[in-house]
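Read off the chains here:
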Amino acid sequence: MRGREVARLVGKDLSLMRLPLAAYVAAALVSVALAAGPPALRSAGLTLALNVLIGLSFHVTLGPVLGEREKKTLAFVMSLPVRPRDAALAKLAAAGAMFALPGGIAAAAIAVALPLGMRPSVWGLVLGAWMAFFSIVLAAAIVTESIGGTIAALTGLIFVAGNVAIQVLPTLAWTGRYVRDVLAGGPSVPLTLGVEIAIVAGAVAATLVVQGRKSSFV
Amino acid sequence: MNAQAIRLEGVGKRYAGFTLADIDLDLARGRALGLIGPNGAGKSTLIRIVMGLVRPDAGRVRVLARAMPADEREIKSRVGFVSDDMALYRGKSLRWHMDLVASLNVNWDEARARVLLDRFELSPHRSVRGLSRGQQVKALLLLALARRVELLVLDEPTAGLDPLMRHQLMAILDEAREDGCAILLSSHHGEDVAAVADEAAFLSRGAIVARAPVATFLGEGGSLEAAFLARVS
């Protein structure tokens, strides 16, 4: 891996997404303002923040990741002195960088809008959960290089996560204890954050391993 | 210095319904080789293998005396690639692309880039969106030649261009060859290959069916297309 090449490619993607990112940051700031405002506006802040997270995730996945092949710019990039593994790492790093600022602000809006009020632990868990979700979808996009594969990963995740949250968790005895412990800032917070970070790291590692085994890069 | 710009030994690649079989091919530094064949003959696959964009299932690939893909980055820094299946970022200017390529290449020669801008009549600050297909090919060539590459690999660079633009591009390639740059060129147009290449190789159904100096083929059939058809039929 060459840090310089990766940094240049990350800079390229950030430059290409400069205007949409500015719009997402502005929307995320508005969502915080709404969420922190009168109770009547909180739901608007919450839904705007969710829209920022969803829109940003799709935009990053469909634009700099899947869009490169469709727009035939991938062949141009891959003809430059970069290795496929570095290009994949750059995509992941660029996506993380693009997500961090507007995503972090939108997660703050969600934490503020929740009945508990803003707590750093809740903010961290919300952002971490979305990053874990996003990293799996992003890995699917980079590995499969297809919209179909990405949508399959996305819908599969929503199906599994949704059913676990709605059907399974309420039936478990420890769910209530876990929620109370999280709200109290207990050991469940770092444990959950650790799981979320492990999921992100696993998605990154899997992406690089699969990229290393590919035989076609355009 | 090793005299080979490209050396393929026993290279094979299998896809569903297509096999590139046991290809041996070499190209000396400073020389130009044209690949001629119909759609699906394997020209693009062969070129992508040379560029490291596709990994072969079998065989050895050496470019500029280095092994692909082990020395991929080093090779790509000395090779320029232009393809009809390649595009620049439409919302960005040529200057933006020049800065990107320069940031990834220690060989970038800004003075030469400025000379080429004038020579190709390109404006660096104009958005790529406003460039014609021919101007985009010129821009891609500029981005390669300003790196002082030792090998140009071109996959159907004249596809979709009008005759005047094709003539201009062939003149640019001829100049590059005279400057010592080796060229591997695939084209549907036999006259493009004849204008630039010293030798031509005919590809059909994933195999090289003939290779000879361009003058030899022209002497046989009057045109490269005629010589190709005589062999394939």
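In this text the structure is predicted, and so the values were computed from the model without any measurement. (Residues numbered from 1 in each chain as written. Chains lettered and ligands numbered in written order. Predicted model: local features only at pLDDT ≥ 70, side-chain atom pairs only at ≥ 80, totals over all residues.)

(A) Highlighting the overall build of chain A. Of the regular secondary structure elements, chain A holds 9 helices and 0 strands. For 218 residues, the compact-globule estimate of 2.2 N^0.38 gives 17 Å, and chain A sits close to it at 19 Å. In terms of overall dimensions, chain A has C-alpha extents of about 55 × 35 × 30 Å along its principal axes. For chain A, the proportion of its 218 residues judged to be buried stands at 39%. At a minimum sequence separation of 6, the contacts of chain A that also span at least 24 residues come to 73%. (Helix = DSSP H or I, 4+ residues; strand = E, 2+ residues; numbered from the N terminus. Rg over C-alpha atoms; globule rule 2.2 N^0.38 Å. Buried ≥ 20, exposed ≤ 12 C-beta atoms within 10 Å, placed from the backbone. Contact = placed C-beta atoms within 7 Å.)

(B) Fine view of the sheet that holds strand E9 (residues 199-204) of chain B. All names here are of chain B. Here we have 6 strands laid out as an open sheet, ordered E6-E7-E8-E3-E9-E10, and mixed in their pairing. Strands with a single pairing partner mark the edges of an open sheet, and in this sheet they are strand E6 (79-83) and strand E10 (207-213). Averaged over all pairs of adjacent strands, the angle between strand axes in this sheet comes to 15°, irrespective of strand direction. Pairing of strand E3 (residues 32-36) with strand E8 (residues 182-186), which is carried by 4 bridges, proceeds in the parallel orientation. For Leu35, the partnering residue across the bridge sits in E8 and is Ser186. Across the face of the sheet, helix H9 (residues 224-232) comes into contact with E3, E9 and E10 while running at roughly 40° to E9. (Pairing = 2+ DSSP bridges. Axes fitted to C-alpha atoms, helices over the stretch in contact; angles between N-to-C directions.)

(C) Just the packing of helix H8 (residues 174-183) of chain A against helix H9 (residues 188-213) of chain A, in detail. Residue and element names in this part refer to chain A. Two elements in contact, H8 and H9, have axes whose closest approach is 8 Å; the angle formed by their N-to-C orientations is 100°. Classified by the interaxial angle, the pair formed by H8 and H9 is roughly perpendicular. Residue-level contacts link Tyr178, Asp181 and Val182 of H8 to Ser188, Val189 and Thr192 of H9. In the contact of H8 with H9, the residues fall into 3 nonpolar, 2 polar and 1 charged. (Parallel < 35°, antiparallel > 145°, perpendicular 65-115°, else oblique. Nonpolar A, V, L, I, M, F, W, Y, C, P; charged D, E, K, R; others polar.)

(D) The arrangement of the sheet that holds strand E5 (residues 66-68) of chain B in detail. Residue and element names in this part refer to chain B. Read from one edge of the open sheet, 4 strands run E2-E1-E4-E5, paired in antiparallel fashion. A single partner strand is all that each edge strand has here, and the edge strands are strand E2 (18-28) and E5. Averaged over all neighbouring strand pairs, the angle between strand axes comes to 25°, with direction disregarded. Bridging between strand E4 (residues 58-63) and E5 involves 3 bridges; their strand directions are antiparallel. The partner of Arg62 across the bridge, within E5, is Ala67. Sitting on the sheet, helix H1 (residues 43-51) touches strand E1 (4-15), E2 and E4, and the angle it makes with E1 is about 120°.

(E) Structural context of the interface of chain A and chain B. Contact with chain A, which involves 19 residues of that partner, is made by 21 residues of chain B. Listing elements by their share of the side of chain A that touches chain B, those giving two or more residues are helix H1 (3-16) and helix H4 (73-79) of chain A. In terms of residue count, the dominant contributor to the side of chain A that touches chain B is H4 of chain A (5 residues). Residue composition of the side of chain A that touches chain B, grouped by class: 9 nonpolar, 4 polar and 6 charged.

(F) Representation of the pairing of E9 of chain B in the model. All names here are of chain B. As judged from the 4 bridges shared by E3 and E9, these two strands associate in the parallel manner. Within E9, the position partnered with Gly34 by the bridge is Ala200. Bridge count for E9 against E10 is 6 bridges, and the pairing is antiparallel. Across the sheet, residue Ala201 finds its bridge partner in E10, namely Arg211. In textbook terms, the turn of a hairpin is the stretch between consecutive antiparallel strands, and for E9 and E10 this stretch comprises 2 residues, one of which, Arg205, has a positive phi near 50°.

(G) Spatial organisation of the packing of helix H5 (residues 84-113) of chain A against helix H6 (residues 120-144) of chain A. Residues and elements named next belong to chain A. Their axes nearest at 9 Å, the elements H5 and H6 cross at an angle of 150°. Taken as axis vectors, H5 and H6 run roughly antiparallel relative to one another. In the packing of H5 onto H6, the handedness of the crossing is right-handed. The residues of H6 that touch H5, namely those facing Ala88, Lys91, Leu92, Ala95, Phe99, Gly103, Gly104, Ala107, Ala108, Ile110 and Ala111, are Val122, Trp123, Val126, Leu127, Trp130, Phe134, Leu138 and Ile142. Of the residues in the contact of H5 with H6, the class split is 16 nonpolar, 2 polar and 1 charged. (Left-handed = near helix turned anticlockwise from the far one by under 90°.)

(H) Quick peek at the pairing of E6 of chain B. All names here are of chain B. Judged by how many residues are buried, E6 sits mostly within the fold: 5 of 5 residues are covered. In E6, alternate side chains face the same way, and those of Val79, Phe81 and Ser83 on one face and Gly80 and Val82 on the other are all buried. Here E6 runs beside strand E7 (residues 151-155); their pairing, made up of 5 bridges, is parallel. Bridging from a neighbouring strand, Val79 pairs with Leu151 of E7.

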